[in-house]
Amino acid sequence: MAYIQFLGAAGTVTGSKHLINTSGDASGAIGFQVLIDCGLFQGQKDWRERNWRDTPVPAKEIDAVILTHAHLDHCGWIPRLVKEGFRGPIYATPPTIDLCGIILPDSGHLQEEDAAFYNKKKASKHDPALPLYTFEEAQQSLQYFKTAHVGQDIALSPELSFRFVRAAHILGSGMAEVTLKTSGKTRRLLFTGDIGRVLDHKVAPGKVVHSGPAEGEVADLVVMESTYGNRLHPKEDPTPELAALIGATAGRGGSVVVPAFAIERTQKFVFILKHLMESGQIPHIPVFCDSPMAIKAVEVFLKHDEEYSDETRNMIRQYGSPLEWPSFTFALTPEESKKINEVRIPSIIISSSGMVTGGRILHHLGQRLPDPKNLVLFIGFQAPGTRGFAIKSKFSEVKIFGALVPIRAQVAALEQFSDHADPPELLQWLRTFRNRPEVTYLVHGEPAASGQLQDLMRKELGWNVQLAEYLEKVEVNVTT
Ligand SMILES: [Zn+2]
């Protein structure tokens, strides 16, 4: 019997990995095995430690990976999978491949830096501390990527094929429609990956990509994300509040520190800042995009204009490349990054990682969190257990590089920039389905979020909705 096994993002929002095994015969032969996403666990330590465990099936026995999008919680374990012996194709859209080409080596670089730091401080119980994978290993894993355009049917084996449909989550994101055939019967499985905003861009200004997720889907079994299952996005335009927050911080001589995913979210935010400056809504203060991949990220962002919303396209047409704007600096070298620490006039510093789990944002927050003049502004989801979650929750202090840093800066969050649909948007999308799936498994959510969405979908749609559990195997019934 074919089955799906949830190897991650079950009971949590990170580590997305769902294995399909076509399996099926009584002789115990291994079926064709496909991994949908191969993400890194982030956040709480007991989840992060699972990054170090082997997959329940040996990596070399996995035949292919289908990657929905280039966020680390969906793609960040790929180099480790390859390190453990995976040699199959990794299918992704062209923008996702371009994004992984900068994100994965950067992730390897960060893993190496962390290991080196812990070894220097002897702060790890592992001696020596090792990186999960290196920059070099991440680069090597890129050779297995293969292009799958949105809408292109790709046969992976005689019984399994798939195609991507639009997810409208981030640049390059797609849902995977998988078709399984056995004994002349066909089953359609839909893996949503992360689902983008359904409503128009006025209430989702962080959204770069056009329109909403693909409508009119047909599926027998759905594996669906539930990140925002228990929260509603504010419906008002966030730009007046954004302008007020920046203006007030600059007025008291402070700086704004924005933890943000380095690609797409950062670029779109930078365009909004430019627009606010040009229209006189905020003062012209220096903006630093501090990420080793900042310049490459702008190039990838500008390259894939086929995915843009009209709003994004208009902004790019109006303002051109951010790399040429005066007073906007894209830091590249560690020396350039450190120089930002010396800036004592009001400025805006955008740096990654978005959930403050690593990267240069740590240095900026380590330096600017203790000063009440400054503002830390969140424009993205913060998973429990991350430093970002602790700061956003206004804990009194947070541990950075082994030291406790007091949180005295102002902390604010604008939820409108989310790239995830909220419950009313999800229902709006689910109502476009042309059939009622036999079963839907919710993944990629904290238990409270998944549980509330389960209740809502049962009540509003009458669907059979289950919560996926870590390592649980569920059968895909292909005989009825
Ligand atoms: Zn995502």
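Relevant structure appears above.
Presented here is an overview of the structure given in this document. (Residues numbered from 1 in each chain as written. Predicted model: local features only at pLDDT ≥ 70, side-chain atom pairs only at ≥ 80, totals over all residues. Heavy atoms only, no water.)

**Focus: the side chain of S255**
The following threshold applies: Only DSSP runs of H or I with at least four residues qualify as helices, and only runs of E with at least two residues qualify as strands; both kinds are numbered from the N terminus onward. In protein, a polar contact requires one atom able to donate a hydrogen and another able to accept it; more generally it is a pair of N or O atoms within 3.5 Å, and residues adjacent in sequence count only if both atoms are side-chain atoms. Contacts: residue pairs with any heavy atoms within 4.5 Å of one another.
In this fold, S255 is placed in the loop between α6 (239-251) and β12 (256-259). Side-chain polar atoms of S255 contact the side chain of S347, separated by 3.1 Å. At a separation of 3.5 Å, a polar atom in the side chain of S255 contacts the side chain of R368. In this view, S255 contacts T249, I345, P346, S347, R368, K373, N374 and L375; residues no more than four positions away in its chain are not counted.

**Observations concerning the sheet that holds strand β21 (residues 465-467)**
Applied cut-off: Criterion used throughout: strands pair if DSSP finds at least two bridges between them. Here, axes are lines fitted to C-alpha atoms. For helices the fit covers the stretch in contact, and angles between N-to-C directions go from 0 to 180 degrees.
Strand order in this open sheet of seven strands is β7-β8-β9-β10-β11-β20-β21, and the pairing throughout is mixed. Strands at the two margins of the open sheet, each flanked by one partner only, are β7 (154-157) and β21. The sheet shows a mean angle of 25 degrees between the axes of neighbouring strands, direction not considered. Inspection of the sheet shows strand β10 (residues 185-191) paired to strand β11 (residues 221-225) by three bridges, in the parallel sense. Paired with L189 across the bridge in β11 is L221.

**Concerning the coordination of the zinc ion**
Heads up, the condition is: Each metal site is built from N, O and S donor atoms within 2.8 Å (3.2 Å for Na, K and Ca), and since water is not included, such sites may look incomplete.
Surrounding the zinc ion are the protein donor atoms H69 (NE2), H71 (ND1), H169 (NE2) and D194 (OD), which sit 2.2 Å from the metal. Along the chain, the residues that donate to the zinc ion are spaced as H-x1-H-x97-H-x24-D. Note that H69 is positioned in the loop between β4 (64-66) and α2 (72-75) and H169 in the loop between β8 (160-166) and β9 (174-182), a separation of 100 residues in sequence.

The values are spatial; any link to function lies outside them.
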